[in-house]
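# Structural overview for review
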Amino acid sequence: MKIAVLPGDGIGTEIVAEAVKVLHALELPFEMETALVGGAAYEAHGHPLPDATLQLAKDADAVLFGAVGDWKYDTLDRPLRPEQAILGLRKNLGLFANFRPAICYPELVGASSLKPEIISGLDILIIRELTGDIYFGQPRGRRTATDGHFPGSEEAFDTMRYSHPEIERIAHVAFQAARKRNKKVTSVDKANVLETFQFWKDVVTEVGQQYPDVTLDHMYVDNAAMQLVKAPKKFDVVVTGNMFGDILSDEASMLTGSIGMLPSASLNTKNQGLYEPSHGSAPDIAGQGIANPLATILSAAMMLRFSLNQPEAASRIETAVQSVLASGLRTVDIWSEGTTKVGTRQMGDAVVAAITKTITKG
Ligand code: IPM
Ligand code: MG
């Protein structure tokens, strides 16, 4: 089992170190190799995704990814910015299916900004298409406008597009995931305005006919944004395009108390995957040892389940995380009165200790 470890920038290095510690505690035959990515790779090699890093990721069964980005790179040419590393990995590895579960742990009900009754027991899964849409559509760029409201002025443009097979395959992923859950798919679109998302809706409907046991409904993205904070428990699986999924998954993360709790998995057709926390590099708190490593640790659990075929080891991590939360340990993002505030490393150590206990107990 080969794992490429790409910590990246900001808190990425701190949180990935904890996840690696947790993986070691499982005492499984992993081969882990670390490489630079993002701003760190740009500093060292002049590119956010050096060839050697990409090759390492391609050759691995799974990639454990931290986070990339820092405001100090905002003035670089776009191809050299840290974010291009994650976009490049998604594109080059064909990681089209992004799973972003939003689960509200009972212990963290109070950490959410929403009322407990709205979010307690929440367990939804956002499936975001990750290699198409306006993120990757060509052409894009700047030019002189020849029409529109201000012909002759400078303008910028991007291309939103989805092909039939791209929508079809992500729809299958969503329906199959729903079959293992509560058998409900909500497809989020903007069919009332956008051609691309009318097509999206049509294709998802077509695919849905092959899953008569799964309920399919359609929702406009603006309404979905509203329903997510109004009645999030009505959702089971949400499937949507790259850009809407980017936005809605951040929103959904806040239902769970903290974006510091949310893992994610991005898979290709061979089940090779990239696993990363849903949050970013948080340069404002980097180096302080206070970041929450649980999203990354839970991402490692998803990696064991989806790409490395080790479901028991995955459960062991998830159980350990729950027991650590139950014992009252909290990083600052999920801390509340009456719980114990700990740093990144202490949180990782606590998860390791909980795992070791289950191992020695057999
Ligand atoms: C995410 C991030 C990325 C995205 C950025 C860092 C390119 O926000 O994974 O959600 O927009 O996809
Ligand atoms: Mg995002």
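Cut-offs used in this document
Residues numbered from 1 in each chain as written. Chains lettered and ligands numbered in written order. Predicted model: local features only at pLDDT ≥ 70, side-chain atom pairs only at ≥ 80, totals over all residues. Heavy atoms only, no water. Near = heavy atom within 4 Å. Polar contact = N/O pair within 3.5 Å; in protein donor to acceptor, adjacent residues only side chain to side chain. Areas by Shrake-Rupley, 256 points an atom, 1.4 Å probe, with all protein chains shown as cover. Nonpolar A, V, L, I, M, F, W, Y, C, P; charged D, E, K, R; others polar. Core = buried A, V, L, I, M, F, W, Y, C linked by side-chain atoms within 4.5 Å. Buried < 20%, exposed > 50% of the residue type's maximum accessible area, 1.4 Å probe, protein only. Domains from an automatic or database assignment. Contact = heavy atoms within 4.5 Å. Buried area = accessible area lost by both parts, 1.4 Å probe. Salt bridge = Lys/Arg side-chain N within 4 Å of Asp/Glu carboxyl O. Helix = DSSP H or I, 4+ residues; strand = E, 2+ residues; numbered from the N terminus. Axes fitted to C-alpha atoms, helices over the stretch in contact; angles between N-to-C directions. Parallel < 35°, antiparallel > 145°, perpendicular 65-115°, else oblique. Left-handed = near helix turned anticlockwise from the far one by under 90°. Pairing = 2+ DSSP bridges. Right-handed = clockwise from strand over helix to strand, strands pointing away. Phe/Tyr/Trp six-rings, centres within 6.5 Å; stacked < 30°, edge-to-face > 60°. Expected span 1.5 Å × (residues − 1).

### As for the site of ligand 1
With respect to spatial proximity, the complete set of residues near ligand 1 consists of Glu83, Arg90, Arg100, Arg128, Tyr135 and Asp246. Contacts to ligand 1 include Arg100, whose side-chain N or O atom sits 2.8 Å from an oxygen atom. One of the side-chain nitrogen or oxygen atoms of Arg128 is found 2.7 Å away from an oxygen atom of ligand 1. In isolation ligand 1 has 320 Å² of accessible area, and contact with the protein removes 74% of it. Broken down by class, the residue content of the shell around ligand 1 amounts to one nonpolar, no polar and five charged.

### A few points about the nonpolar core
If you look at the biggest cluster of nonpolar residues, it comprises 88 residues, and the most contacted ones within it are Leu64 and Ile127. Mapped onto the domain boundaries, this core takes at least three residues apiece from domain 1 (1-96 + 268-362) and domain 2 (102-261). Ignoring sequence-local partners within four residues, the contact set of Leu64 consists of Ile3, Ala4, Val5, Leu6, Val16, Ala19, Val20, Leu23, Tyr275, Thr296, Ala300 and Met303. If you look at the next biggest cluster of nonpolar residues, it comprises 18 residues, including Leu54, Leu56, Phe65 and Ile86.

### Side note on the domain arrangement of the protein
The domain boundaries assigned to the protein delineate domain 1 (1-96 + 268-362) and domain 2 (102-261). The C-alpha centroid of domain 2 is placed 24 Å from the C-alpha centroid of domain 1. With 20 residues of domain 1 at the contact, the number on the domain 2 side is 19 residues. Here domain 1 packs against domain 2, burying approximately 1,700 Å² in sum over the two surfaces, 68% of which is carbon and sulfur. Connecting domain 1 to domain 2 are zero salt bridges. In this structure, the connection of domain 1 to domain 2 is made through five residue pairs in polar contact (both at pLDDT 80 or more). Among the elements of the structure, helix H4 (83-93), helix H10 (294-306) and helix H11 (311-326) are those that each provide at least two residues to the side of domain 1 that touches domain 2. Its residues assigned to classes, the side of domain 1 that touches domain 2 comprises nine nonpolar, six polar and five charged.

### Considerations on the packing of helix H1 (residues 12-25) against H10
Between H1 and H10, the least distance of the axes is 8 Å, while the angle of their chain directions is 45 degrees. Viewed along their axes, H1 and H10 adopt a mutual orientation that is oblique. Our pair here, H1 against H10, has a crossing hand that is right-handed. Contacts between H1 and H10 involve Ile15, Val16, Glu18, Ala19, Val22 and Leu23 on the former and, on the latter, Thr296, Ile297, Ala300, Met303 and Leu304.

### Comments concerning the pairing of strand S1 (residues 2-8)
Within S1, six of the seven residues are buried, which leaves it mostly tucked inside the rest of the structure. Relative to strand S2 (residues 31-34), S1 runs parallel, the two sharing four bridges. If you follow Ala4 over to S2, its bridge partner there is Glu33. As for the winding sense of the linkage, the β-α-β connection from S1 through H1 to S2 is right-handed. Taken together, the five bridges between S1 and strand S3 (residues 62-67) define a ladder with parallel strand orientation.

### Thoughts on the packing of aromatic side chains
Here the structure, examined in full by the defined rule, presents seven aromatic pairs. On the basis of an interplanar angle of 75 degrees and a centroid distance of 6.1 Å, the ring pair of Tyr42 and Tyr73 is categorised as edge-to-face. In this pair, Tyr42 sits in helix H2 (residues 39-45) while Tyr73 sits in the loop between S3 and H4, placing the two residues 31 residues apart along the sequence. Owing to a relative accessible area of 24%, Tyr42 belongs among the partly exposed residues under this scheme. Here Tyr73 falls in the buried class, since its relative accessible area comes to 7%. Measuring from ring centre to ring centre gives 5.5 Å for Phe197 and Trp200, while their planes differ by 40 degrees; the resulting arrangement is tilted.

### Regarding H4
Among the residues making up H4, those that are buried are Ala85, Ile86, Leu87, Gly88, Leu89, Arg90 and Leu93. Phi for Gly94, located one or two positions after H4, is positive at around 65 degrees.

### Here's the deal with the side chain of Asn98
Position of Asn98 relative to the elements: it lies in strand S4 (residues 97-103). A distance of 3.2 Å separates a polar atom in the side chain of Asn98 from the backbone oxygen of Ala265. Ignoring sequence-local partners within four residues, the contact set of Asn98 consists of Ile126, Ile127, Arg128, Leu130, Ser264, Ala265 and Ser266.

### Some points on the sheet that holds S4
Taken together, ten strands build an open sheet; the order of strands is S2-S1-S3-S12-S11-S4-S5-S10-S8-S9 and the sheet is mixed. Looking at the sheet topology across the chains shown, the edges are occupied by S2 and strand S9 (215-220). Put simply, the sheet's adjacent strands are angled 20 degrees from each other on average, direction ignored. As judged from the six bridges shared by strand S8 (residues 184-189) and S9, these two strands associate in the parallel manner.

### Digging into H1
Taking 1.5 Å as the rise per residue, H1 with 14 residues should run 20 Å; its terminal C-alpha atoms sit 20 Å apart, in good agreement. The element H1 is largely enclosed, with a buried count of ten among its 14 residues. Those residues of H1 that fall on the buried side of the exposure criterion are Gly12, Glu14, Ile15, Val16, Glu18, Ala19, Val20, Val22, Leu23 and Ala25.

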